[in-house]
Amino acid sequence: MKKFGYLLLGGVAVIVLLSNLAPMIALAISLIIMYFAYKGFIKTNSTFNKVVLAIIGVIALFASASNLPAILGFVAVYVLYVVYKNWKKPAKAKLVEDDDPFTNFEKEWNELKGNY
């Protein structure tokens, strides 16, 4: 039953990832453009270049803000990672305790003495 839940969660995460793939790429491109515009703005001394790079940076900022829902795609990638890691874990075996006091003498003795 646990594997079915992981399969269902992974399927939903894949659908969300595929639906947000284009906005994720656009967000990455706009952030790269904004980064290089900022680095160029800091390095240049020319006023004209600073104005042009500031305009490019603001346009890239608006483009990245319009692609903000792409963060759901990054969340889907993380969910897929968690599902993959938990899929590989072996199931924990349930401990079966025997109620026979002779087979669990040490446990019964500690309970009688109060040493849990």
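Residues numbered from 1 in each chain as written. Predicted model: local features only at pLDDT ≥ 70, side-chain atom pairs only at ≥ 80, totals over all residues. Heavy atoms only, no water.

**Q** When you look at the packing of helix α1 (residues 2-19) against helix α2 (residues 21-43) in this model, what are you seeing that I'm missing?
**A** The relative placement of two packed helices comes down to the angle between their axes together with the axis-to-axis distance. Direction vectors running N to C along α1 and α2 enclose 50°, while the axes themselves pass 4 Å from each other. Here α1 is positioned oblique relative to α2, judged by the angle of their axes. Packed against α1, whose contacting residues are L17, L18 and S19, the element α2 presents L21, P23 and M24 at the interface. In terms of residue class, the contact of α1 with α2 is made up of five nonpolar, one polar and no charged. (Axes fitted to C-alpha atoms, helices over the stretch in contact; angles between N-to-C directions. Helix = DSSP H or I, 4+ residues; strand = E, 2+ residues; numbered from the N terminus. Parallel < 35°, antiparallel > 145°, perpendicular 65-115°, else oblique. Contact = heavy atoms within 4.5 Å. Nonpolar A, V, L, I, M, F, W, Y, C, P; charged D, E, K, R; others polar.)

**Q** Would you explain the side chain of S64 in this entry?
**A** Here S64 is to be found in helix α3 (residues 47-66). Using a relative accessible area of 7% as the deciding quantity, one classes S64 as buried. (Buried < 20%, exposed > 50% of the residue type's maximum accessible area, 1.4 Å probe, protein only.)

**Q** Would you explain the environment of K50 in this entry?
**A** Mapped onto the fold, K50 is located in helix α3. Given a relative accessible area of 28%, K50 falls into the partly exposed group. Residues K50 and G40, 10 residues apart in the sequence, show an inter-C-alpha distance of 8.0 Å. Once residues lying within four places of it in the same chain are set aside, the contact partners of K50 are F41 and T44.

**Q** Would you take a moment to explain the packing of aromatic side chains for this structure?
**A** Aromatic rings in a pair are described by how distant their centres are and how their planes are angled relative to each other. Throughout the structure, instances matching the rule amount to one aromatic pair. Aromatic side chains Y35 and F36 sit 5.4 Å apart centroid to centroid with 65° between the ring planes, which places their arrangement in the edge-to-face category. Exposure remark for F36: the relative accessible area of 55% places this residue in the exposed category. Over the ring of W87 we find K3, and its NZ or CZ is 4.6 Å from the ring centre. (Phe/Tyr/Trp six-rings, centres within 6.5 Å; stacked < 30°, edge-to-face > 60°. Lys NZ or Arg CZ within 6 Å of the ring centre and 35° of its normal.)

**Q** Looking at this structure, how should I read the environment of W87?
**A** The residue W87 is located in helix α4 (residues 71-87) in this model. The exposure class of W87 is partly exposed, given its relative accessible area of 33%. The spatial distance from the C-alpha of W87 to the C-alpha of L7 is 8.9 Å, given a sequence separation of 80 residues. Dropping the residues within four chain positions of it, W87 is found in contact with K3, Y6 and L7.

**Q** Explanation requested: a positive patch on the surface in the structure shown.
**A** A contiguous patch of positive charge, built from K2, K3, K85, K88 and K89, is present on the exposed surface. Checked against the element boundaries, K2 lands in helix α1. (Patch = residues over 30% accessible without salt bridge, like charges linked within 9 Å, V, L, I, M, F, W, Y side chains within 5 Å. Areas by Shrake-Rupley, 256 points an atom, 1.4 Å probe, with all protein chains shown as cover. Salt bridge = Lys/Arg side-chain N within 4 Å of Asp/Glu carboxyl O. Lys, Arg positive; Asp, Glu negative; His and termini not counted. Charge placed at Lys NZ, Arg CZ, Asp CG, Glu CD.)

**Q** Looking at this structure, I do not really get a nonpolar patch on the surface. What am I missing?
**A** Together, V14, L18, L21, I25, I29, I33, F48, V52 and I56 give the surface a local cluster of nonpolar side chains, amounting to about 790 Å² of exposed area. Secondary structure elements with two or more residues in the nonpolar patch: α1, α2 and α3. Per-element tally for the nonpolar patch: the top contributor is α2, with four residues. The residue F48 is located in helix α3 in this model.

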